[in-house]
Amino acid sequence: MGRIRKRHSPAFKAKVALQATNQEATIAELAREHQAHLVQVSQWKKQLLDGVEDLFAVRSSQRPPDPEVLQGELYDQIGRLQMELAWVNKKAGP
């Protein structure tokens, strides 16, 4: 029978990764102290260091548009296109 995997909360991962970046203790000591695998602690540290620059990125350009606003714009465009199609059909004749 296989081992049951531990699920660590994001707060726990952040705490361990911060301790690993402080270098007050080795990664092996931290892994033993928090009962996590050595490689896992290293991965959490790497994820933390790779994601730090995203904290300071400009978020206004990355923010997805409001779905209601987008839906309204799409309905407006559909209405315009339907009017143009009706006009073309009227001008084309029978």
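Note: the structure precedes this text.
Presented here is a report on the structure given in the accompanying data block.

Definitions and limits used
- Residues numbered from 1 in each chain as written.
- Predicted model: local features only at pLDDT ≥ 70, side-chain atom pairs only at ≥ 80, totals over all residues.
- Heavy atoms only, no water.
- Axes fitted to C-alpha atoms, helices over the stretch in contact; angles between N-to-C directions.
- Helix = DSSP H or I, 4+ residues; strand = E, 2+ residues; numbered from the N terminus.
- Parallel < 35°, antiparallel > 145°, perpendicular 65-115°, else oblique.
- Left-handed = near helix turned anticlockwise from the far one by under 90°.
- Contact = heavy atoms within 4.5 Å.
- Nonpolar A, V, L, I, M, F, W, Y, C, P; charged D, E, K, R; others polar.
- Patch = residues over 30% accessible without salt bridge, like charges linked within 9 Å, V, L, I, M, F, W, Y side chains within 5 Å.
- Areas by Shrake-Rupley, 256 points an atom, 1.4 Å probe, with all protein chains shown as cover.
- Salt bridge = Lys/Arg side-chain N within 4 Å of Asp/Glu carboxyl O.
- Buried < 20%, exposed > 50% of the residue type's maximum accessible area, 1.4 Å probe, protein only.
- Phe/Tyr/Trp six-rings, centres within 6.5 Å; stacked < 30°, edge-to-face > 60°.

Another point: the packing of helix α2 (residues 27-34) against helix α3 (residues 38-55). At a minimum axis separation of 9 Å, α2 and α3 run at an interaxial angle of 110 degrees. One element, α2, and the other, α3, form an angle in the roughly perpendicular class. Like other packed secondary-structure pairs, α2 and α3 cross with a definite hand, here right-handed. Of the residues in α3, those in contact with I27, A28 and A31 of α2 are L38, V41, S42 and K45. Tallied by class, the residues present in the contact of α2 with α3 amount to five nonpolar, one polar and one charged.

Bringing a nonpolar patch on the surface into the picture now. Taken together, the side chains of V52, L55 and F56 make up a nonpolar region of the molecular surface, amounting to roughly 340 Å² of accessible area. Summarising the element assignment, F56 is placed in the loop between α3 and α4 (67-92). Owing to a relative accessible area of 70%, F56 belongs among the exposed residues under this scheme.

In this fold, L30 is placed in helix α2. If near-sequence neighbours (up to four positions away) are discounted, L30 is found in contact with V16, Q19, A20 and A25.

The tally for this structure, following the rule as stated, stands at one aromatic pair. Taking the centre distance of 6.0 Å and the plane angle of 85 degrees together, the rings of F12 and W44 count as edge-to-face. You can see F12 sitting in helix α1 (residues 10-22) and its partner W44 sitting in helix α3, a full 32 residues away along the chain.

With that settled, consider unusual backbone geometry. The phi angle of most residues is negative, glycine excepted, and most peptide bonds adopt the trans form. A positive phi is found at Q23, a non-glycine position, where the angle reads about 60 degrees. Take Q23: it is sitting in the loop between α1 and α2. The phi torsion at Q35 lies on the positive side, around 55 degrees, for a residue other than glycine. Tracing the sequence through the fold places Q35 in the loop between α2 and α3. A residue is classified by how much of its surface remains accessible, and Q35, at 57% relative accessible area, is exposed.

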